[in-house]
Amino acid sequence: MSDDRRSNDHTSGTATVSAPSGRPGLIRSIAHRLAGDEDELPVEGHLPSFEGATGWLNSEPLTPVGLRGRVVLVDFLTYTCINWLRTAPYTKAWDAKYRDLGLTVIGAHTPEFGFEQNIDNVVASLQAFGVEYPIAVDSNYGVWEAFANHFWPAIYIADAEGRIRYHHFGEGEYAMTEMVVQQLLLEAGAEGVDAELVSVEPKGFEVAADWGTLRTPETYVAYGRSAAFASPESARFNVQHTYPKPNRLSLNEWAPSGSWTIAQHAAVSNETGARIGFQFQARDVNLVMGPATRGMKVPYRVLLDGSAPGDSHGFDVDEAGNGTLAEQRLHQLIRQPGSIRERLVEIEFLGAGAEAYCFTFG
């Protein structure tokens, strides 16, 4: 399910991985700080170098020395990460509101999947998501390692003296994070800092998960990384194999059917009609997938409990469940309106050469 670069809580109902506790008075110090109060935001170290970046987008290369005098928010992301996508409306809003008051937001794009190292993929995706702040392209994990980071998303905030004063892992804590930004801007002498918190209007992937009904965790389908593989036959590594369709799946189990190669990086369809079935409970079903060959297109069809999804279709498919793989990215297959219950989703690839990486839910 995870590797040493990623939290087990990367998605699912426990996606918010809180920063360590034991900071008495933190909210009071931010929201109601009085003259003479002790500074309650601890110093957690100094802003590391960005020298490990393999390139920059939206900016010339930035350095801790060059950023001195500004509050710096560093946001670790990878463009297929549903948890980062759900935080993105806030980082974009903070950049827009506080940039002229002394805040610099820096995204560190550290890839999980091989195709996320392709700079054309990164540029296209971040432009589509409306990201305008500087991005350190971290394809070799140099920035990740300089920060000793382990999570997507992860936020680190440094004050105008270059000292890290706050961090948060995972989704959530948006009010707390913004109040930290406000406090550090005021400490730096900024004037006109509006205490009102930003209001966002998330769309598409940005919409927060329905945590109250979400019972299915993020699940990989590559060999050696997946959990709850429920085929009647055991997985074969790196060889073509025709898997039988299971009679039934229990909640959070998945299985391929038809001809597949279960490789270390992904599950790859070998023929028309290859399917993956997943028994889930969530409002949204998303799948990181793409064509094995850049520029190729693979049509697919999504079924919900054996029928077309209708008004439960995701924005990457129509009401009949039809979609086309043309890019290596996160695709939304299902977004259900109304009450949520346990259901079976199936995705059938109408051609060979589709690569499926990871299911996420919301």
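Residues numbered from 1 in each chain as written. Predicted model: local features only at pLDDT ≥ 70, side-chain atom pairs only at ≥ 80, totals over all residues. Heavy atoms only, no water.

**Q** In this structure, what is going on with the overall build of the protein chain? I would like to understand it.
**A** Per the secondary structure count, the protein chain includes five helices and 17 strands. Of all 362 residues assigned to the protein chain, the portion counted as buried reaches 55%. For the protein chain, contacts bridging at least 24 residues in sequence account for 75% of all contacts bridging at least 6. Counting every atom, the protein chain has about 15000 Å² of accessible surface; 48% of that belongs to carbon and sulfur. (Helix = DSSP H or I, 4+ residues; strand = E, 2+ residues; numbered from the N terminus. Buried < 20%, exposed > 50% of the residue type's maximum accessible area, 1.4 Å probe, protein only. Contact = heavy atoms within 4.5 Å. Areas by Shrake-Rupley, 256 points an atom, 1.4 Å probe, with all protein chains shown as cover.)

**Q** Help me understand the nonpolar core in this model?
**A** Here is a general trend for soluble globular proteins: nonpolar side chains tend to be buried in one another's company. One finds Phe50, Phe76, Trp84, Leu103, Leu126, Phe147 and Ile157 to be the most contacted residues of the largest nonpolar core, which totals 66 residues. Of the residues forming this core, the biggest block, eight residues, is contributed by helix α2 (residues 82-98). Contacts of leucine 126, omitting those with residues within four sequence positions, involve Leu57, Leu77, Tyr79, Trp84, Val131 and Ile135. (Core = buried A, V, L, I, M, F, W, Y, C linked by side-chain atoms within 4.5 Å.)

**Q** Help me out: how do you make sense of the layout of surface pockets in this one?
**A** The computed volume of the largest pocket comes to approximately 310 Å³. Tyr79, Ser125, Glu327, Gln328 and Arg329 are, among the 18 residues lining the largest pocket, the residues nearest its centre. Counting residues per element, the lining of the largest pocket draws most heavily on helix α3 (residues 119-128), at five residues. Partitioned by chemical class, the residues of the lining of the largest pocket number nine nonpolar, five polar and four charged. (1 Å grid on protein atoms, 1.4 Å probe; cavity = no way out; pocket = protein on both sides within 12 Å on 5 of 7 lines; lining within 4 Å. Points joined across faces, edges and corners; volume = space filled by probe spheres on them. Nonpolar A, V, L, I, M, F, W, Y, C, P; charged D, E, K, R; others polar.)

**Q** Could you clarify how one ought to interpret α2 in this entry?
**A** Spacing of three or four residues puts side chains on the same side of an α-helix, whose turn is 3.6 residues. Compared with the 24 Å implied by 1.5 Å per residue over 17 residues, the 25 Å span of α2 between its first and last C-alpha is a close match. Taken as a whole, α2 carries its principal kink of about 40° at alanine 88; the proline proline 89 stands between one and four residues after it. Of all 17 residues in α2, 14 are buried; the element is thus mostly enclosed. (Expected span 1.5 Å × (residues − 1). Bend = angle between axes of the 7 residues up to and from the residue.)

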